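Coordinates in review
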Amino acid sequence: MSAPHFPDDENGDVLRRMFDGGDDMSQPRIIDFCFAFPERKQALAFAEIVDDRELEVCISYYEEREMWQAIVKRYMIPTHEDITQLELALSTHAQSVGGEPDGWGCMQVERKD
């Protein structure tokens, strides 16, 4: 299978590493988008803004950073366009209540070559 083209940005780099690591990029999976908030009430406000049936929001305390964390989960195919678009929209919501994006990730789906 020939390597797909990924843009030269942070998301493109992650997707390229996934592909190079044997990930089947055509298969959907749950992708976690993470956001950090200084206070619990900000994480809760973010969860209220994220009103979409295709998204699940989980809030917990993030010990390492001593902040609150919201993880937004979506079942999707990992395409650069879709990940970037959702990440930007969610980041705007997080920033509107005092939060910040903290990256995204997913489990690998092994490619069958």
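Our subject in this report is the structure included herewith. (Residues numbered from 1 in each chain as written. Predicted model: local features only at pLDDT ≥ 70, side-chain atom pairs only at ≥ 80, totals over all residues. Heavy atoms only, no water.)

**Structural notes on the overall build of the chain**
When helices and strands are counted, the chain shows three helices and four strands. Order of helices (α) and strands (β) in the chain, N terminus to C terminus: α-β-α-β-β-α-β. For the chain, the spread of C-alpha atoms along the principal axes amounts to about 45 × 30 × 20 Å. Within the chain, contacts between residues at least 6 apart in sequence are counted, and of these 69% link residues at least 24 apart. (Helix = DSSP H or I, 4+ residues; strand = E, 2+ residues; numbered from the N terminus. Contact = heavy atoms within 4.5 Å.)

**A few points about the side chain of N11**
For N11, the position within the fold is in helix α1 (residues 10–20). Here N11 is in contact with H80, I83, T84, E87 and W104, once residues within four sequence places are set aside.

**Some details on the pattern of salt bridges**
Here the structure, examined in full by the defined rule, presents eight salt bridges. Residue R74 pairs with E54 through a salt bridge whose shortest N-O separation is 2.6 Å. On the criterion of sequence distance, the pair formed by R74 in strand β3 (residues 67–76) and E54 in the loop between α2 (40–49) and β2 (55–62) is long-range, its members being 20 residues apart. The partly exposed category is assigned to E54, whose relative accessible area is 47%. R65 is the salt-bridge partner of E100, the closest N and O atoms lying 2.3 Å from each other. Pair noted here: E100 is in strand β4 (residues 100–106) and R65 is in the loop between β2 and β3, with a separation of 35 residues, a long-range link. Since its relative accessible area comes to 33%, E100 is described here as partly exposed. Linked by salt bridges that have partners in common, D8, D13 and R16 make up one network. (Salt bridge = Lys/Arg side-chain N within 4 Å of Asp/Glu carboxyl O. Buried < 20%, exposed > 50% of the residue type's maximum accessible area, 1.4 Å probe, protein only.)

**Considering the nonpolar core**
In this structure, F33, F35, F37, F46 and L90 are the most contacted members of the largest nonpolar core, which totals 22 residues. Looking at this core, the elements with two or more residues in it are α1, β1 (29–37), α2, β3 and α3 (80–96). Each residue touching F35, except ones within four places of it in the same chain, is listed here: F46, W68, Q69, A70, V72, L90, S91, A94, E100, P101 and D102. (Core = buried A, V, L, I, M, F, W, Y, C linked by side-chain atoms within 4.5 Å.)

**Observations regarding the sheet that holds β3**
Taking strand neighbours across the sheet as the criterion, the four strands line up as β2-β3-β1-β4 in an open arrangement whose pairing is antiparallel. Every other strand in the sheet has two partners, leaving β2 and β4 as the edge strands with one partner each. Neighbour to neighbour, the strand axes of the sheet diverge by 25° on average, direction disregarded. Pairing analysis gives five bridges linking β1 to β4, with the strands arranged antiparallel. (Pairing = 2+ DSSP bridges. Axes fitted to C-alpha atoms, helices over the stretch in contact; angles between N-to-C directions.)

**A word on the packing of α1 against α3**
Between two packed helices, what matters for the description is the angle formed by their axes and the separation of those axes. α3 packs onto α1 with a crossing angle of 135° between their chain directions and a minimal axis gap of 10 Å. It follows from the interaxial angle that α1 and α3 lie oblique. Taken as a pair, α1 and α3 cross one another with a handedness that is right-handed. Contacts from N11, G12 and L15 in α1 reach H80, I83, T84 and E87 in α3. (Parallel < 35°, antiparallel > 145°, perpendicular 65-115°, else oblique. Left-handed = near helix turned anticlockwise from the far one by under 90°.)

Everything listed is a geometric property; what it means functionally is a separate question.
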